[in-house]
Amino acid sequence: GYSHESPKKPEPGQELGPLDEPNLSATVFALEGLVAMDPEGRTNIHARRMALQFVHRCQNYRESADNADSRFNDGGFHFMLADAVRNKPGVAGIDSAGETRFVSYGSATADGIRSLLLCGVEPTHPRVVAARRWLLDHFQDGTHSGSYPDDRRSLKPSLDYYYAASVARALRNSQPKESTTPDSIEWAAVLAARIASQQQQDGSWVNQAVDVREDDPIIATSLALLALTRCEEQLSSPA
């Protein structure tokens, strides 16, 4: 989560504070730190295995799913557990097991793929394949993807640059090395062109939406450059 201190398990009957609750965005940043510290995974394999349990729970994917739940199991990801507000597109419905399911969306699905890979899951694993398919099927013009209800639609563009940075890394890193089948869309070219077209005269990027602070050019520009770097890598060596 976003707590400034290590969160502690709450007393029986109490809940974690809002900043203590785990989420997928904070988790992928933590996993990147663990992998950077130990690329071979020799000392933090237990931590990554533990993280993988949480990552699995954020994916709309079930290994032995009931056919009645097929509309929920689209392979995408949501941001966190049991939160209809911070999972920005909201609730998808209740599945056959009585579990509240949340709508998959772009930034969370990109973070989910990256988390799976950082936990040691191979690009050919069904979970990664399903999430990658979701991203490509919903890619459109490179804007933040996902179906948002009317009362939440203003939140969708607020994550444009975060999504761009994450989806470029997710799609680049999840492409199986032995694959000779091209993607269904030239995502790197589309995404790079869109971002390049939004650069300001002073060289910066800025988002008009303010909800997640991408209106700050330092944040938006950093994310835009991360996305462009991965797009350039993909376009230079698509295989």
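That block above? That's the structure.
A quick note: this is a predicted structure, and the numbers were derived from the prediction, not measured.

What counts and how
Sequence positions are assigned chain by chain, starting from 1 and proceeding in written order. Local features in this predicted model are restricted to residues whose pLDDT is 70 or higher, and side-chain atom pairs enter the listing and the counts only when it is 80 or higher, whereas totals over whole chains, interfaces and linings include all residues. The side-chain numbers reported here are obtained from all heavy atoms of the structure, hydrogens and water having been left aside. Strands here mean DSSP runs of E at least two residues long; helices mean DSSP runs of H or I at least four residues long; both are numbered from the N terminus. Radius of gyration: over C-alpha atoms. The globule rule applied is 2.2 Å multiplied by the number of residues raised to the 0.38 power. Buried means the residue's accessible area, taken with a 1.4 Å probe over protein chains only, is under 20% of the maximum for its type, while exposed means over 50%, and partly exposed covers the values in between. Contact criterion: two residues are considered in contact whenever any of their non-hydrogen atoms come within 4.5 Å of each other. For the charge count, each Lys or Arg is scored as positive and each Asp or Glu as negative, with His and the chain ends excluded. Charge coordinates come from a single atom per side chain, which is NZ of Lys, CZ of Arg, CG of Asp or CD of Glu. Using only the protein atoms, space was sampled on a 1 Å grid; points where a 1.4 Å probe fits but cannot get out form cavities, open sets with protein on both sides within 12 Å along at least five of seven lines form pockets, and lining residues are those with an atom within 4 Å of a point. Grid points are joined across faces, edges and corners, and a volume is the space filled by probe spheres set on the points. Gly is placed with the polar residues, together with every amino acid not listed as nonpolar (Ala, Val, Leu, Ile, Met, Phe, Trp, Tyr, Cys and Pro) or charged (Asp, Glu, Lys and Arg). Put simply, a salt bridge is a Lys or Arg side-chain nitrogen that is within 4 Å of an Asp or Glu carboxyl oxygen. A fitted line through C-alpha atoms represents every axis, and for helices the fit uses only the stretch in contact; the resulting angles, taken between N-to-C directions, go from 0 to 180 degrees. Each angle receives one of four descriptions, namely roughly parallel if under 35 degrees, roughly antiparallel if over 145, roughly perpendicular if within 65 to 115, and oblique otherwise. Working rule for handedness: look at the near helix, and if it is turned counterclockwise from the far one by less than a right angle, call the crossing left-handed; if clockwise, right-handed.

Would you explain the overall build of the protein chain in this entry?
Looking only at helices and strands, the protein chain features 7 helices and 2 strands. Counted from the first residue to the last, the protein chain has its helices and strands arranged as α-α-β-β-α-α-α-α-α. Compactness check: the protein chain gives a C-alpha radius of gyration of 18 Å against a globular reference of 18 Å for 239 residues, within 12% of the reference. The buried share of the protein chain, reckoned over its 239 residues, is 44%. For the protein chain, contacts bridging at least 24 residues in sequence account for 62% of all contacts bridging at least 6. Taken as two groups, the 24 positive and 32 negative side-chain charges of the protein chain have centres that lie 4 Å from each other.

I would appreciate a short explanation of the layout of surface pockets in the present structure.
Using a probe with the size of a water molecule, rolled over the atoms, empty space left in the structure can be pinpointed. Quantified by volume, the largest pocket comes out at close to 620 Å³. In terms of lining, the largest pocket is formed by 24 residues, of which the most central are Glu-21, Pro-22, Phe-54, Arg-57 and Leu-81. Sorting the residues of the lining of the largest pocket by element identifies helix H1 (24-37), helix H2 (45-57) and strand S2 (100-102) as the ones contributing at least two each. Looking at which element gives the most residues to the lining of the largest pocket, the answer is H2, with 5 residues. Within the lining of the largest pocket, the residues separate by chemical class into 10 nonpolar, 8 polar and 6 charged. Its boundaries defined by the atoms lining it, the second largest pocket holds a volume of some 520 Å³. Taken together, 22 residues make up the lining of the second largest pocket; nearest its centre are Tyr-2, Ser-25, Leu-159, Tyr-162 and Val-212. Only H1, helix H3 (106-118) and helix H7 (217-236) provide two or more residues apiece to the lining of the second largest pocket. Considering only residue class, the lining of the second largest pocket consists of 13 nonpolar, 3 polar and 6 charged.

Help me understand the environment of Tyr-148, please; the structure alone is not making it clear to me.
By secondary structure assignment, the location of Tyr-148 is in the loop between helix H4 (126-137) and helix H5 (160-173). Under the relative-accessibility criterion, Tyr-148 is labelled buried at 6%. With 43 residues separating them in the primary sequence, Tyr-148 and Tyr-105 have C-alpha atoms 8.6 Å apart. Once residues lying within four places of it in the same chain are set aside, the contact partners of Tyr-148 are Lys-88, Pro-89, Tyr-105, Arg-153, Leu-155, Lys-156 and Leu-159.

Help me understand the pattern of salt bridges, please; the structure alone is not making it clear to me.
Between side chains of opposite charge, a pair can form as their charged atoms come close. Taken as a whole, this structure holds 12 salt bridges when the rule is applied. The residue Arg-114 makes a salt bridge to Glu-32 at a minimum N-O spacing of 2.9 Å. Of this pair, Arg-114 sits in helix H3 while Glu-32 sits in helix H1; the two residues are 82 residues apart in sequence, bridging distant segments of the chain. By relative accessible area, which is 4% here, Arg-114 ends up buried. Here Arg-127 makes a salt bridge to Glu-63, at a shortest N to O gap of 3.1 Å.

Honestly, the packing of H5 against H7 in this entry has me stumped. Any pointers?
In a pair of packed helices, the angle between the axes and the distance between the axes together describe the arrangement. Packing of H5 against H7 leaves a shortest axis separation of 8 Å and a crossing angle of 25°. With respect to their mutual orientation, H5 and H7 come out roughly parallel. Classified by chirality, the crossing of H7 by H5 is left-handed. On H7, the residues touching Tyr-161, Tyr-162, Ala-164, Ala-165, Ala-168, Arg-169 and Arg-172 of H5 are Ala-220, Leu-223, Ala-224, Leu-226, Ala-227, Arg-230, Cys-231, Glu-233 and Gln-234. Class assignment of the residues belonging to the contact of H5 with H7 gives a composition of 11 nonpolar, 1 polar and 4 charged.

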